[in-house]
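# A look at the structure
What follows is the residue order along each chain.
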Amino acid sequence: MKKKRQGSRMKKYLITLHINNEDYEVTVEDRDTLLDVLREKLHLTGAKEACGTGECGACTVLVDDRAVLACLTLAIEAEGKAITTIEGLAPQGILSPLQQAFIEHGAIQCGFCTPGMILSATALLKANPAPSRQEIQKALEGNLCRCTGYNKIVEAIESVTVKDTP
Amino acid sequence: MHIPQCTYHAPKSLKTIFSLLKSFGTGASFLAGGTDLLVRMKQRLILPEHLIAIRGIKGIENIRYDRSKGLYVAAGVKLATLVTDPVVQENYPVLSYAASLVATTQIRNMATAGGNILQNTRCMYYNRSYQWGKAVSACFKRNGHLCHAVEKSRKCFAVYQGDLAPVLSVLGGVVTLASPETTKEVNVEELFTGDGAMPFQYTTPWLLTGIRIPPPSKNLFSAYKKYRLRNGMDFPLAGVAIALKLDGEIIKNFRMCLTGVASSPLLIQGSDTGIHDKNITLPLIREVADIAYRQAHPVNNLEGDASRRRTMIRLMVEDMLREAIPGYRGQGRGERKETI
């Protein structure tokens, strides 16, 4: 990690973040969260800030394929890891099957929780392509939807799970 | 909500950690998963000038199991790993289960075993925003001289709400602590002071580096129950862990630990309750549940009503001990006849 002084007593560091299969060089302070950097410096605004204290899941991103909270992850600690944001699920604007399922099942109301919901579900499906309804609900326990549209969200995820073939 | 200004360090060895600590003194905090510490920093409840991350220490995310020595969980092991690790699942299912009940999927992917044990005590008059804190008089936990939860109290009633510590305590877990001069092992329950404002005996420069649990013994029944308002996410408003060794229907060893009802986990040993060498029967189970009820003294400083939380302790102990009765498993509350 290269250290780079910039005027005030706050140290700034030039780090490389590997986001959605691309490398981004970005200058950060010690206290910057991954969410601060994604939204304010890289303008990847899919991850949202709502509670800021780890309760709502609106800032969920994937780090090495695991769902984590960007609001409680220091940007410095994310260096060297593979970060996936909602923007990374639709390269060239082609939606992932899960994103498409959210649209088809009406699983989006105001849309504020949707990126977090989809990323939590993406992590689940990568680890377990055929989850039960209970496992889906457990995986989404950290994502709040204030529109309360949970049933349609779970149905959308169920529609893309791997079904047993007879 | 921004994290206040601080300097981040990621040393690669214990030696470097302690030399950094020597330079920074009490202005430094250890950073593991950050899910407790960074929230408290954002709320301006603590303002460390330096964060010393432990993630760079070699082996800090290791789990080791040996049939004769038992399980060693390094402090930096993620809770999600405790949930899914096959060795933990097979030999210490209660630990894996308790870890699965902590917070949410995202938090379990970030938070660590050591951090969970050393999570700070909580109170609805303390874990509030900076603005809220400015609007009311400072309580003991905010370095003031009063308690908002218990009027005229001379002490802080903030609650310890960890899920792992009670389980580790009944399993006979010990933690490894390192300081610049020495290392030592202490029982999990010895980590706590019982004071809500200053809940831990071993603060900086002591660093919790790992947890050791003895090998699982035969005929050991262990269980954990957690009462909360929402099944996902919430801290325990009351929780109980039990470990019980039976010889047929005779109780040979019994440990029970309560969480969410005091400023530290409350360990109740079988030898203190006079139930060793007795047959496990429904009247005895009720007696034990009453003992737990009498030991729990929650106050109205969390979301749940204190009397309800206390009652839940009794019900949860009773439910778990019923499950321990040989031949009883799978039957619901009240289905077994009184004549066992």
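Residues numbered from 1 in each chain as written. Chains lettered and ligands numbered in written order. Predicted model: local features only at pLDDT ≥ 70, side-chain atom pairs only at ≥ 80, totals over all residues. Heavy atoms only, no water.

## What to know about the domain arrangement of chain B
Where the parts come together, the accessible area they lose is often given as the size of the interface. Residues and elements named next belong to chain B. When the domains of chain B are assigned, the result is domain 1 (1-58), domain 2 (63-118 + 159-213) and domain 3 (220-336). Spacing between the C-alpha centres of domain 1 and domain 2 amounts to 19 Å. Regarding the contact of domain 1 and domain 2, the summed buried area is about 900 Å², with carbon and sulfur atoms giving 81% of it. When the buried surface of domain 1 facing domain 2 is broken down by residue, Phe 18, Phe 30 and Thr 35 rank first, second and third, together holding 48% of it. Linking domain 1 to domain 2 there are zero salt bridges. There are zero residue pairs in polar contact (both at pLDDT 80 or more) connecting domain 1 and domain 2. Listed by contribution, the elements that provide at least two residues to the side of domain 1 that touches domain 2 are helix 1 (14-24) and strand 2 (28-31). (Domains from an automatic or database assignment. Buried area = accessible area lost by both parts, 1.4 Å probe. Salt bridge = Lys/Arg side-chain N within 4 Å of Asp/Glu carboxyl O. Polar contact = N/O pair within 3.5 Å; in protein donor to acceptor, adjacent residues only side chain to side chain. Helix = DSSP H or I, 4+ residues; strand = E, 2+ residues; numbered from the N terminus.)

## A word on the environment of B:Ile17
Residues and elements named next belong to chain B. Positionally, Ile 17 belongs in helix 1. Through-space distance from the C-alpha of Ile 17 to that of Pro 205 is 9.5 Å; in sequence the pair is 188 residues apart. When near neighbours in sequence (up to four residues on either side) are disregarded, Ile 17 contacts Pro 11, Phe 30, Ile 52, Ala 53, Ile 54, Ile 57 and Leu 207. (Contact = heavy atoms within 4.5 Å.)

## Things to note about empty space enclosed by the protein
Think of a ball as big as a water molecule: rolled over the atoms, this probe shows where empty space is left. Residues and elements named next belong to chain B. Applying the stated criterion to the full structure yields three cavities of 30 Å³ or more. As a volume, the largest cavity reaches approximately 90 Å³. Residue lining of the largest cavity: 13 residues in total, with Cys 123, Cys 139, Cys 147, His 148 and Cys 156 positioned closest to the centre. Of the residues that constitute the lining of the largest cavity, the class distribution is eleven nonpolar, one polar and one charged. (1 Å grid on protein atoms, 1.4 Å probe; cavity = no way out; pocket = protein on both sides within 12 Å on 5 of 7 lines; lining within 4 Å. Points joined across faces, edges and corners; volume = space filled by probe spheres on them. Nonpolar A, V, L, I, M, F, W, Y, C, P; charged D, E, K, R; others polar.)

## Quick word on the environment of B:Ser217
Along the chain, the position of B:Ser217 falls in the loop between strand 8 (207-213) and strand 9 (220-227). For the pair B:Ser217 and B:Lys245, spaced 28 residues apart in sequence, the C-alpha separation works out to 8.3 Å.

## With respect to the sheet that holds strand 6 (residues 174-178) of chain B
Residue and element names in this part refer to chain B. With antiparallel pairing, five strands are arranged side by side in an open sheet as 4-5-8-6-7. The outermost strands of the open sheet, each flanked by one partner alone, are strand 4 (63-66) and strand 7 (183-187). Pairs of neighbouring strands in the sheet enclose a mean axial angle of 20°, with direction left out of account. In terms of strand pairing, strand 5 (residues 70-74) meets strand 8 through four bridges, oriented antiparallel. Looking at the pairing, Tyr 72 lines up with Arg 212 of strand 8. Packed onto the sheet, helix 1 meets strand 6 and strand 8 and runs at close to 140° relative to strand 8. (Pairing = 2+ DSSP bridges. Axes fitted to C-alpha atoms, helices over the stretch in contact; angles between N-to-C directions.)

## Things to note about the domain arrangement of chain A
Residue and element names in this part refer to chain A. Assigned domains of chain A: these are domain 1 (12-88) and domain 2 (91-159). Using only C-alpha atoms to locate each centre, domain 1 and domain 2 end up separated by 20 Å. With 18 residues of domain 1 at the contact, the number on the domain 2 side is 14 residues. For domain 1, the biggest contributors to the area lost against domain 2 are Thr 60, Leu 62 and Ile 86; these three give 38% of the whole.

## A closer look at the confidence of the model for chain A
Chain-level pLDDT for chain A is 93 on average; 93% of the residues reach the 70-or-more range. Every residue in residues 1-8 of chain A is under pLDDT 50, and counting partners more than four places away or in other chains gives 14 contacts. (pLDDT = per-residue confidence, 0-100.)

## With respect to the nonpolar core
All names here are of chain B. Counting residues in each nonpolar core, the largest one holds 94 residues, and the members touching the most others are Leu 82 and Leu 95. The biggest single contributor to this core is helix 9 (residues 164-170), with five residues. Sequence-distant contacts of Leu 95, that is, excluding residues within four places in its chain, are made with Leu 71, Leu 82, Val 88, Leu 164, Val 167, Leu 168 and Ile 213. Ile 251, Leu 258, Ile 285 and Ile 313 belong to the second largest nonpolar core, which has 36 residues in total. (Core = buried A, V, L, I, M, F, W, Y, C linked by side-chain atoms within 4.5 Å. Buried < 20%, exposed > 50% of the residue type's maximum accessible area, 1.4 Å probe, protein only.)

## So, unusual backbone geometry
Put simply, B:Thr204 and B:Pro205 share a cis peptide bond, and its omega is 15°. Of note in this structure, A:Asp64 is not a glycine but carries a positive phi near 50°. With respect to the helices, strands and loops of the structure, A:Asp64 is situated in the loop between strand 4 (60-63) and strand 5 (66-69). For B:Ala103, which is not glycine, the phi dihedral falls at a positive 45°.

## Some remarks on the packing of aromatic side chains
Residue and element names in this part refer to chain B. Under the definition given, this model contains four aromatic pairs over all chains. When the ring of Tyr 65 is compared with that of Tyr 92, the centres are 6.2 Å apart and the planes differ by 80°; the resulting orientation is edge-to-face. Within this pair, whereas Tyr 65 is found in strand 4, its partner Tyr 92 is found in the loop between helix 4 (86-91) and helix 5 (93-100), the two being separated by 27 residues in sequence. Residue Tyr 92 is classed as buried on the basis of its relative accessible area of 3%. Each ring, one from Phe 192 and one from Phe 200, has its centre 5.6 Å from the other, and the planes form 50°; the classification is tilted. Phe 192 gets classed as buried once you look at its relative accessible area, which sits at 7%. Classification of Phe 200 by relative accessible area gives buried; the value is 13%. One aromatic cluster is present, formed by Tyr 160, Phe 192 and Phe 200 through successive ring pairs. One residue, Arg 310, lies across the ring of Tyr 293, its end atom 4.3 Å from the ring centre. Positioned above the aromatic ring of Tyr 293, the side-chain terminus of Arg 314 is 4.2 Å from the ring centre. (Phe/Tyr/Trp six-rings, centres within 6.5 Å; stacked < 30°, edge-to-face > 60°. Lys NZ or Arg CZ within 6 Å of the ring centre and 35° of its normal.)

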